[in-house]
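# Overview (structure and organization)
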Amino acid sequence: MEAWQKQLAAAITEPGEIAERFGVDVEPLRGVVARYPLRITPHYFSLIEAPGDPIWRQCIPDPRELHDDLQDPDPLNEESLSPVPGLIHRYPDRVVLLVSNACAMYCRFCMRKRQVGCGSQKIDLSAALDYIAETPAIRDVILSGGDPFLLPDDELADLLARLRSLSNVEMIRIGSRVPVTLPSRITPRLCRLLKRFHPLYLNTHFNHPRELTPQSTIACRRLADAGIPLGNQTVLLQGVNDEPGVMKKLMQGLLAMRVRPYYIHQLDLVRGTGHFRTSVRRGLEVMEGLRGHTSGLATPYYVIDLPGGKGKVPLVPDNGEWRGNRLLLRNYQGEIIEYEDTDSGR
Ligand SMILES: *Cc1c(COP(=O)(O)O)cnc(C)c1O
Ligand code: SF4
């Protein structure tokens, strides 16, 4: 067994193990775990400093997950945007391929909470691959899940080779939280394998500065050294990263690890995640804390994924106002600067 497989085999899957380490009453968690599975890698578990901290909140079940009847299990309508099993086709030129139902850790706020960690972990992708082959408009394929890096190397290589053999597929993206939750999975062997399938992009998912560990730094360095441009998608989470200072530290730390912040997501309205919600107003304040105050590269798009699968829309703090042909623009220091809008009369 490789080191990462040992980590997975040693994952915390029973509330009793949480009680052992932290001496808290975990009886109320048993019902939660029966509905939404528990899995935490020893690496991620070791990052918890105290109950209720930002690491704890992301991985330890919470009874509130079961008392959230107002939200929808599938608000983005992914099921009906799925022409064949395992594929979501919402935008004309790109698709999401759900290659696995398993993750190294089950994040309590997961947008695919309804299926991740549940049922069969294997997905038959033959219909999805045929669909991509028969749909010339698709040029960008995003491997997601679940976590694509939970596939064994040979299965992943096989899948990437099959996608690469399709002439319409110009690029492949992988979405994986493994650099955060199971960094030992990013082996030199995996990186050598991935290198054969360029252009390949990877978006990972760091949510808090305490996740930026030496182990994750090594994982990201290996991927970047394999020539893979690294991006990050953060989810805005109440009590985790909904503070401008925390978010700035996270974004700067990511850049120092050669990871470019790509999106900050407003949490989707997924059933079982209501206790993580933050207002859009708060999200905009967090964004205000970035733009102009730190490297532009540390300022991703803040996006809402519209209910019903209507697409992602970027939000920016309200910083401009038209007065006839003039724009009144507010800079990062709060000054209002007038800008005359002209064109060459073309
Ligand atoms: C987010 C998403 C994409 C990719 O969007 P980009 O803005 O291109 O990163 C594609 N399909 C679905 C269904 C998505 O949710
Ligand atoms: S790694 Fe991603 S897909 Fe897996 S449980 Fe966490 S948020 Fe969901």
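Throughout what follows, the structure given in this document is the object of discussion. (Residues numbered from 1 in each chain as written. Chains lettered and ligands numbered in written order. Predicted model: local features only at pLDDT ≥ 70, side-chain atom pairs only at ≥ 80, totals over all residues. Heavy atoms only, no water.)

Bringing the site of ligand 2 into the picture now. Close to ligand 2 lie Cys103, Met105, Tyr106, Cys107, Cys110, Val116, Gly146, Arg177 and His205, which account for all nearby residues. In this structure the site holding ligand 2 corresponds to the largest pocket. (Near = heavy atom within 4 Å. 1 Å grid on protein atoms, 1.4 Å probe; cavity = no way out; pocket = protein on both sides within 12 Å on 5 of 7 lines; lining within 4 Å. Sits in = over half its atoms within 2 Å of the grid points.)

Direction of pairing for strand S10 (residues 320-323) relative to strand S11 (residues 326-330): antiparallel, over a ladder of four bridges. Residue pairing in the sheet places Trp322 in a bridge with Leu327 of S11. Count of turn residues in the S10/S11 antiparallel hairpin: two residues, of which Gly324 carries a positive phi of about 60 degrees. Looking at chain direction, S11 and strand S12 (residues 336-340) are connected through five bridges and run antiparallel. The residue of S12 that forms the bridge with Leu327 is Tyr339. (Pairing = 2+ DSSP bridges. Helix = DSSP H or I, 4+ residues; strand = E, 2+ residues; numbered from the N terminus.)

Ile88, Arg90, Tyr91, Arg94, Val96, Ile142, Arg173, Tyr262, Tyr263, Asp305 and Lys312 make up every residue found near ligand 1. Contact between ligand 1 and Arg94: an oxygen atom at 2.7 Å from a side-chain N or O atom of the residue. With respect to ligand 1, the side chain of Lys312 contributes an N or O atom lying 2.9 Å from an oxygen atom. Computed on the free molecule, ligand 1 has an accessible area of 380 Å², of which 88% lies beneath the protein chains in the complex. The cavity where ligand 1 resides is the largest pocket. Counting only elements with at least two residues in the shell around ligand 1, the list comes to strand S1 (87-91), strand S2 (94-98) and strand S7 (260-265). The biggest single contributor to the shell around ligand 1 is S1, with three residues. Residue classes in the shell around ligand 1 are distributed as six nonpolar, no polar and five charged. (Polar contact = N/O pair within 3.5 Å; in protein donor to acceptor, adjacent residues only side chain to side chain. Areas by Shrake-Rupley, 256 points an atom, 1.4 Å probe, with all protein chains shown as cover. Nonpolar A, V, L, I, M, F, W, Y, C, P; charged D, E, K, R; others polar.)

This part covers the nonpolar core. In this structure, Leu97, Ile132, Leu143, Leu163 and Leu194 are the most contacted members of the largest nonpolar core, which totals 88 residues. The element contributing the most residues to this core is helix H7 (residues 153-164), with five residues. Setting aside anything within four residues of it in sequence, one finds Leu163 in contact with Leu97, Leu129, Ile132, Val141, Leu143, Val169 and Ile172. (Core = buried A, V, L, I, M, F, W, Y, C linked by side-chain atoms within 4.5 Å. Buried < 20%, exposed > 50% of the residue type's maximum accessible area, 1.4 Å probe, protein only. Contact = heavy atoms within 4.5 Å.)

Any space left empty among the atoms is revealed by the rolling of a water-sized probe across them. Enumeration over the complete set of coordinates arrives at one cavity of 30 Å³ or more. Counted as a void, the largest cavity has a volume near 70 Å³. For the largest cavity, the full set of lining residues is Tyr36, Pro37, Tyr106, Cys107, Arg108, Cys110, Lys113 and Val116. (Points joined across faces, edges and corners; volume = space filled by probe spheres on them.)

Those residues of helix H2 (residues 15-22) lying buried are Pro15, Ile18 and Phe22. The buried residues of H2 occupy one face: seen down the axis, they fall within an arc of 55 degrees. Where H2 is buried, its residues contact helix H3 (30-35), helix H4 (42-45) and helix H5 (54-59). Gly23 sits one or two residues past H2 and shows a positive phi near 60 degrees. (Arc of directions from axis to C-beta.)

Attention shifts here to the side chain of Asp140. Assignment of secondary structure puts Asp140 in strand S3 (residues 140-144). On the accessibility criterion, Asp140 (3% relative accessible area) is buried.

Attention now goes to the environment of Gly345. As for its position among the elements, Gly345 is in the segment after S12. What makes Gly345 exposed here is its relative accessible area of 60%. Sequence separation between Gly345 and Pro183 is 162 residues; the distance between their C-alpha atoms is 56 Å.

Before going further, it helps to spend a moment on the sheet that holds strand S4 (residues 171-175). What the nine strands build is an open sheet, ordered S1-S2-S3-S4-S5-S6-S7-S8-S9; its pairing is mixed. The open sheet is flanked by S1 and strand S9 (311-315), the only strands paired with a single partner. Ignoring strand direction, the axes of neighbouring strands in this sheet form an average angle of 25 degrees. Across five bridges, strand S6 (residues 230-235) lies against S7 in parallel orientation. Residue pairing in the sheet places Asn232 in a bridge with Pro261 of S7. Helix H11 (residues 244-256) rests against S6 and S7 of the sheet, and its axis sits at about 145 degrees to S7. (Axes fitted to C-alpha atoms, helices over the stretch in contact; angles between N-to-C directions.)

So, on to the environment of Arg21. Tracing the backbone shows Arg21 in helix H2. Its relative accessible area of 41% is what places Arg21 among the partly exposed residues. With 24 residues separating them in the primary sequence, Arg21 and Phe45 have C-alpha atoms 9.9 Å apart. Contacts of Arg21, omitting those with residues within four sequence positions, involve Phe45, Ser46 and Ile48.

There is about 1200 Å³ of room inside the largest pocket. Around the largest pocket, the lining comprises 48 residues; the ones closest to its centre are Met111, Arg112, Ser144, Gln233 and His265. Grouping the amino acids of the lining of the largest pocket by side-chain chemistry returns 25 nonpolar, 13 polar and ten charged. Reported here for the second largest pocket is a volume of approximately 410 Å³. If you trace the second largest pocket, you find 19 residues lining it, with Met287, Arg291, Thr299, Pro300 and Val316 closest to the centre. Elements with a minimum of two residues in the lining of the second largest pocket: S7, helix H12 (280-288) and strand S8 (301-306). When residues of the lining of the second largest pocket are assigned to their parent elements, the largest contribution, three residues, is made by S7. Considering only residue class, the lining of the second largest pocket consists of ten nonpolar, five polar and four charged.

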